Amino acid sequence: MLDNSESYVTEDGRTIGGVVMEMKNITLRFGGVVAIKDISFDIREGEIRAIIGPNGAGKSSMLNVISGFYVPQEGEVLFHGKPRPQLRPYEVAQQGIARTFQNIALFEGMTVLDNVMTGRLNKMSSGLLAQAIWRGKAEKEEIENREKAEKIIDFLEIQHIRKTPVSRLPYGLKKRVELARALVSEPSILLLDEPMAGMNVEEKEDMSRFILDVNDEFGTTIALIEHDMGVVMDLSDRVVVMDYGKKIGDGTPSDIRNNQAVIDAYLGVAHD
Ligand SMILES: Nc1ncnc2c1ncn2[C@@H]1O[C@H](COP(=O)(O)OP(=O)(O)OP(=O)(O)O)[C@@H](O)[C@H]1O
Ligand SMILES: [Mg+2]
């Protein structure tokens, strides 16, 4: 077992830092439904951490706990070693956490560029009113936000559609726009809820490459939920496996591949 502050080197030679986020004995209920039962695990700096499990296992709920959007009834989340209080959505972003959603949540009528720009809202110190009036500090911020947005748009190779309304884009590109919007806030932790769901093989390969590039280029810590085991095994450094709200496995991809409880949970289960 590694100490919380120790780093380790992955099989592919990347250095992973100390623990940035620690989930301790998390239990989350919705009325009578126990979505998460007494789960503990951690996320280390610079790591790509996957959360997998059958439908309804509690994966999205867990991502919402990590982001601070859900507050568990029991247990606590330590962020850089400190218990985290309940957060409002804008406070989540200010902590350097950004996310994408299982169901695409973009403004369909707006262009790609405008959608990406909304990811900078938390960076605006002048306030929306000042932005609307458009002068002084607000104008300077607007320019800076636009530059950041353009940089991320280039990085994710979506320049050619920057002026296109999102409603006209194929599914795979919409997912990439969502990733762009999350990245433009320059998060230190990026949470991705099924970034490749519904994609064809080529789109999945593209998305996998971008996720690796983000991690490599910006040093972003990434937690992602994914059903495609091939993708999970290729991308992730460590994997948490959930089943019916419980943690049934936690380790490197090869640990997980050989874990009997995991194999059993996945046998005969349909995944989308
Ligand atoms: N807001 C909510 N209110 C009530 N029950 C919920 C809510 N969100 C999730 N649940 C329930 O909690 C359990 C876990 O759901 P969750 O969405 O976290 O699973 P999941 O692993 O992400 O599944 P999937 O692979 O289908 O996305 C399910 O039984 C679900 O019905
Ligand atoms: Mg889900």
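These figures come from a predicted structure and were not determined experimentally. (Residues numbered from 1 in each chain as written. Chains lettered and ligands numbered in written order. Predicted model: local features only at pLDDT ≥ 70, side-chain atom pairs only at ≥ 80, totals over all residues.)

### Notes on the overall build of the protein
Heads up, the condition is: Helix numbering and strand numbering both begin at the N terminus, where a helix is a DSSP run of H or I of at least 4 residues and a strand a DSSP run of E of at least 2. Based on C-alpha atoms, the radius of gyration is set beside the globule rule, defined as 2.2 Å times the residue count to the power 0.38. Think of it as a crowd count around each C-beta: if 20 or more other C-beta atoms lie within 10 Å the residue is buried, if 12 or fewer it is exposed, and in between it is partly exposed, with C-beta placed from the backbone throughout. By the criterion used throughout, residues are in contact when their C-beta atoms, derived from the backbone, lie within 7 Å.
Per the secondary structure count, the protein includes ten helices and twelve strands. Its C-alpha atoms give the protein a radius of gyration of 19 Å, within 12% of the compact-globule value 19 Å for 272 residues. Along the three orthogonal principal directions, the C-alpha set of the protein runs to about 60 × 40 × 40 Å. Evaluated residue by residue, the protein yields a buried proportion of 36% over its 272 residues. Sequence-distant contacts in the protein: of pairs separated by 6 or more residues, those separated by 24 or more amount to 68%.

### Describing the nonpolar core
The condition is simple: By definition, a nonpolar core groups buried Ala, Val, Leu, Ile, Met, Phe, Trp, Tyr and Cys residues that connect through C-beta atoms lying within 7 Å of each other. For the domains described, the bounds stem from an automatic or database domain assignment.
Formed by 62 residues in total, the largest nonpolar core has its most connected members in Ile51, Val116, Ile152, Ala180, Leu190, Leu191 and Ala223. Taken together, domain 1 (1–96 + 187–272) and domain 2 (106–185) each give at least three residues to this core, which thus spans both. If we skip the residues at most four places from it in the chain, Val116 touches Ala149, Ile152, Ile153, Val177, Ala180, Arg181 and Val184.

### Some details on the environment of Lys148
Following the sequence through the fold, Lys148 ends up in helix H5 (residues 137–155). Taking the C-alpha atoms as reference points, Lys148 and Lys82, separated by 66 residues in sequence, lie 31 Å from one another. Filtering out sequence-adjacent residues up to four positions away, Lys148 remains in contact with Arg120 and Val184.

### Here we look at unusual backbone geometry
You will see that Glu157, though not glycine, has its phi angle at about 55°, which is positive. Within the secondary structure, Glu157 sits in the loop between H5 and helix H6 (171–183). Even without glycine at this site, Glu186 takes up a positive phi of about 55°. As for its position among the elements, Glu186 is in the loop between H6 and strand S9 (189–193). Taking the C-beta count within 10 Å as the criterion, Glu186 has 14 such neighbours and is therefore assigned partly exposed.

### Here's the deal with the domain arrangement of the protein
When the parts come together, some accessible area is lost, and that loss is often what is quoted as the size of the interface. Spelled out, the test is: Three categories are distinguished: nonpolar for Ala, Val, Leu, Ile, Met, Phe, Trp, Tyr, Cys and Pro, charged for Asp, Glu, Lys and Arg, and polar for the others, with Gly belonging to the last.
Partitioning the protein into domains gives domain 1 (1–96 + 187–272) and domain 2 (106–185). Its C-alpha centre places domain 1 at a distance of 26 Å from the equivalent point of domain 2. With twelve residues of domain 1 at the interface, the matching set in domain 2 holds ten residues. Mapped by element, the contributors of at least two residues to the side of domain 1 that touches domain 2 are helix H2 (89–94) and helix H7 (201–218). No other element matches the four residues that H7 contributes to the side of domain 1 that touches domain 2. Looking at the side of domain 1 that touches domain 2 residue by residue, the class counts come to nine nonpolar, two polar and one charged.

### Side note on the pairing of strand S8 (residues 97–100)
A regular strand places its side chains so that they alternate between the two faces of the sheet. Note the cut-off: DSSP calls a pair of strands paired once it identifies at least 2 bridges connecting them.
Where burial is concerned, the two faces of S8 agree: the one with Ile97 and Arg99 and the one with Ala98 and Thr100 are both buried. Of the pairings in the sheet, the one linking S8 to S9 comprises four bridges and is parallel in character. Residue pairing in the sheet places Ile97 in a bridge with Ile189 of S9.

### Here we look at the site of ligand 1
As a reminder of what qualifies: Near, for a residue, is defined by distance from a backbone-placed C-beta atom to a molecule or strand, with 6 Å as the limit that must not be exceeded.
In the region of ligand 1, the neighbouring residues are Phe30, Val33, Ala35, Gly53, Asn55, Gly56, Ala57, Gly58, Lys59, Ser60, Ser61 and Gln102. Where the shell around ligand 1 is concerned, the elements lending two or more residues are strand S4 (33–44) and helix H1 (59–67). Counting residues per element, the shell around ligand 1 draws most heavily on H1, at three residues. Its residues assigned to classes, the shell around ligand 1 comprises four nonpolar, seven polar and one charged.

### Quick look at the sheet that holds S8
To summarise the sheet geometry, strands pair through backbone hydrogen bonds and adopt either a parallel or an antiparallel arrangement. This is how the line gets drawn: In this description, a line fitted to the C-alpha atoms serves as the axis of each element, helices being fitted only across the stretch in contact, and the angle between N-to-C directions of two axes falls anywhere from 0 to 180 degrees.
Ordered in space as S8-S9-S10-S5-S11-S12, the six strands form an open sheet in which the pairing is mixed. Where the open sheet ends on each side, the last strands, each with one partner, are S8 and strand S12 (246–251). Each adjacent strand pair in this sheet contributes to an overall mean axis angle of 15°, direction not counted. Pairing of S9 with strand S10 (residues 221–225), which is carried by five bridges, proceeds in the parallel orientation. Bridge assignment links Leu192 to a residue of S10, and that residue is Leu224.

### Some remarks on the sheet that holds strand S3 (residues 19–30)
In space, the four strands of this open sheet follow the order S4-S3-S6-S7, with antiparallel pairing throughout. Two strands in the sheet have a free side with no partner beyond their single neighbour: S4 and strand S7 (82–83). In the packing of H1 onto the sheet, the strands contacted are S3, S4 and strand S6 (74–79), and the crossing angle to S3 comes to about 125°.

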